[in-house]
Amino acid sequence: MAQVAFIGLGNMGGPMAANLVKAGHRVSGFDLSGASLAAAAQAGINASATLAEAVTGAEVVITMLPKGEHVVAVWEGLASLVPTGTLLIDCSTVDVESARKAHSIALAAGCASLDAPVSGGTGGAAAGTLTFMAGGSTAAFDRAKPFLEAMGQKIVHCGADGAGQAAKICNNMILGISMIAVGEAFALGERLGLSHQALFDVASTSSGQCWSLTSYCPVPGPVPTSPANNDYKPGFAVALMLKDLKLSQEAAAASGASTPLGAAAATLYKAFDSAGNGGRDFSAIIEMLRGSP
Ligand code: NAD
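The protein chain goes by 3-hydroxyisobutyrate dehydrogenase in an unreviewed UniProt entry, where it is assigned to Mycoplana azooxidifex. Regarding the protein chain, the UniProt comment filed under Sequence similarities (unreviewed entry) reads as follows: "Belongs to the HIBADH-related family." Listed under Pathway (unreviewed entry) in UniProt, the entry text for the protein chain is "Amino-acid degradation; L-valine degradation."

As structure tokens, then:
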């Protein structure tokens, strides 16, 4: 069992660090928020007062932070704190450029590094069933895998530095577009007098089948566990979907890729977010798609 440092103990990082404790690792944690630190201490994490204290003696350091700028700043701090050979893993969702910058900071400090964003949300983080999409060397991936397996169910090595973030933003662009497609279909079905259940029964077993329909149906009824049955409490918040769609649009612009539906999805989610819906589940966008009665 290893000494692990976990930086960023929020909605995702807290339960992920708790699963490392359950797997038998000694985990020290640091977060700028006192509330997050206190919750982590309840889960058996050694709550540290500083970044330096958290990483002392750690052979692996994991970060789970809001944005690329936070990851780069924390990894710059880590570079002067940890010994060469330490493995640094970032699980946050960030832009590909920041991910590659973090890898280069690690390389200059003589550390091994992996970008390993996740899919599966807070439920998956608590249950230890996340999917990890990893980018980095095979050696770094092989070293990180046992730790990722303590927090997730499926671990995919997507390629070189930044490939995990690339896979994450491509996947979430599909998700944003497909949720709008499903929402539009239900809104049209309503206008045509079609019941939600009838459309679900047909589309879920036909060529319209997709995760946004069968696991996360945006109308109440057909999928009892979907947030539509719980007043659209997240789940996966609109603000986070908008963040990921913006990342995909930045990546498309930087690489010259054409993503017209991704661009439209980003515009629609921006409008929905600006109307005060940032904290609601992203499937609630069906309300905007219905338009005026
Ligand atoms: P969160 O805001 O709940 O947690 C982030 C934590 O980082 C906070 O507790 C904050 O205090 C801490 N923090 C910020 N700067 C710090 C610093 N310099 N040092 C130490 N701690 C610092 O966010 P979250 O929902 O846990 O998301 C974390 C990352 O995971 C994001 O990149 C997000 O896009 C991604 N993600 C979230 C979900 C989800 O459903 N919540 C799903 C997949 C991926």
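Still more to cover.
*Asks:* Which parts of the structure should I look at to understand the site of the ligand?
*Replies:* Around the ligand there are 25 residues in total, and Gly8, Gly10, Asn11, Met12 and Ser92 lie nearest to it. The set of elements that each furnish at least two residues to the shell around the ligand consists of α4 (68-79), α6 (121-127) and α11 (238-255). In terms of residue class, the shell around the ligand is built from twelve nonpolar, eleven polar and two charged. Here the shell around the ligand spans two domains, and each of domain 1 (3-160) and domain 2 (166-290) adds at least three residues to it.

*Asks:* Would you explain helix α12 (residues 260-277) in this entry?
*Replies:* One turn of an α-helix holds 3.6 residues; hence residues three or four places apart share an orientation. Between the first and last C-alpha of α12 there are 24 Å, a value that for 18 residues agrees with the 26 Å anticipated at 1.5 Å per step. Buried positions along α12 lie against α8 (163-191), α11 and α13 (286-290).

*Asks:* Sorry, what's going on with the UniProt feature "domain: 3-hydroxyisobutyrate dehydrogenase-like NAD-binding" (unreviewed entry) in the protein chain here?
*Replies:* With numbering matched to this structure, UniProt assigns "domain: 3-hydroxyisobutyrate dehydrogenase-like NAD-binding" (unreviewed entry) to residues 162-289. Between the end C-alpha atoms of residues 162-289 there is a gap of 34 Å, over a span that is 63% helix and 0% strand.

*Asks:* Looking at this model, I keep getting lost on the nonpolar core. Mind explaining?
*Replies:* A general trend in soluble globular proteins is that nonpolar side chains are found buried together. With 93 residues, the main nonpolar core has Phe6, Val61, Ala144 and Tyr269 as its most contacted residues. Ranked by residues supplied to this core, first place goes to α8 with ten residues. Residue contributions to this core reach at least three from each of two domains, namely domain 1 (3-160) and domain 2 (166-290). Residues contacting Phe6, with those up to four places away along its chain left out, are Gly13, Ala17, Leu20, Val27, Gly29, Ile45 and Ile62.

Definitions and cut-offs
- Residues numbered from 1 in each chain as written.
- Predicted model: local features only at pLDDT ≥ 70, side-chain atom pairs only at ≥ 80, totals over all residues.
- UniProt positions renumbered as here; feature names shortened; annotations may be inferred.
- Near = placed C-beta within 6 Å.
- Helix = DSSP H or I, 4+ residues; strand = E, 2+ residues; numbered from the N terminus.
- Nonpolar A, V, L, I, M, F, W, Y, C, P; charged D, E, K, R; others polar.
- Domains from an automatic or database assignment.
- Expected span 1.5 Å × (residues − 1).
- Contact = placed C-beta atoms within 7 Å.
- Core = buried A, V, L, I, M, F, W, Y, C linked by C-beta atoms within 7 Å.
- Buried ≥ 20, exposed ≤ 12 C-beta atoms within 10 Å, placed from the backbone.

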